[in-house]
Amino acid sequence: MKKFVRLDRMKLRSVFGLLAILILACPNVMAQANELPVLDPIGSQTIDENLNLSFSISASDVESTPVLTTSTLPTGASFTDNTDGTGTFSWTPDYTQSG
């Protein structure tokens, strides 16, 4: 009976040893979880009509460089993704776009 218990312990040590080797060799496989990107605060922005409003946007992601995009913009506005986790919003509102 002791011999059987001893073999089980040896098998367990081998399994735990193999897991430790796998974790050391491939830490990203065991530790990596999907983290959400973080958009840095933009803050409130105001501008008078017919003057340009332009500001930078930045985001970070521990897994990769975030792709910045927008689905809607005011008429005449543009947004550029600089492909480095930053982007630029630019807009010159006309007199009909106040409010």
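Anything mentioned here points back to the structure above.
Residues numbered from 1 in each chain as written. Predicted model: local features only at pLDDT ≥ 70, side-chain atom pairs only at ≥ 80, totals over all residues. Heavy atoms only, no water.

Enquirer: Is there a simple way to explain the nonpolar core in this structure?
Expert: Listed in full, the six residues of the largest apolar core are Leu53, Phe55, Ile57, Ala77, Phe89 and Trp91. When contributions to this core are tallied by element, the ones reaching two or more residues are β2 (53–60) and β4 (86–91). Among residues more than four places away in sequence, those in contact with alanine 77 are Phe89, Ser90 and Trp91. (Core = buried A, V, L, I, M, F, W, Y, C linked by side-chain atoms within 4.5 Å. Buried < 20%, exposed > 50% of the residue type's maximum accessible area, 1.4 Å probe, protein only. Helix = DSSP H or I, 4+ residues; strand = E, 2+ residues; numbered from the N terminus. Contact = heavy atoms within 4.5 Å.)

Enquirer: What's the story with the environment of proline 93 in this structure? I'm lost.
Expert: Take proline 93: it is sitting in the segment after β4. We classify proline 93 as buried; its relative accessible area is 4%. For the pair proline 93 and aspartate 48, spaced 45 residues apart in sequence, the C-alpha to C-alpha distance is 7.8 Å. Discounting chain neighbours no more than four positions away, the residues touching proline 93 are Ile47, Asp48, Glu49, Asn50 and Leu51.

Enquirer: Any chance you could explain the environment of aspartate 61 here in plain terms?
Expert: By secondary structure assignment, the location of aspartate 61 is in the loop between β2 and β3 (78–81). With residues near it in sequence (within four places) discarded, aspartate 61 still touches Glu35, Pro37 and Pro66.

Enquirer: Sorry if this is basic, but what is going on with the sheet that holds β3 here?
Expert: Hydrogen bonds between backbone atoms are what pair the strands of a sheet, whose relative direction is either parallel or antiparallel. Read across the open sheet, the four strands follow the order β1-β2-β4-β3; overall the sheet is antiparallel. Of all strands in the sheet, those with a lone pairing partner are β1 (38–39) and β3, marking the two edges. (Pairing = 2+ DSSP bridges.)

Enquirer: Any chance you could explain the pairing of β2 here in plain terms?
Expert: On any regular strand, side chains alternate: one points to one face of the sheet, the next to the other face. With burial as the criterion, only one face of β2 is covered, namely that bearing Leu53, Phe55, Ile57 and Ala59; the residues Ser54, Ser56, Ser58 and Ser60 on the opposite face remain uncovered. As judged from the two bridges shared by β1 and β2, these two strands associate in the antiparallel manner. The partner of valine 38 across the bridge, within β2, is serine 60.

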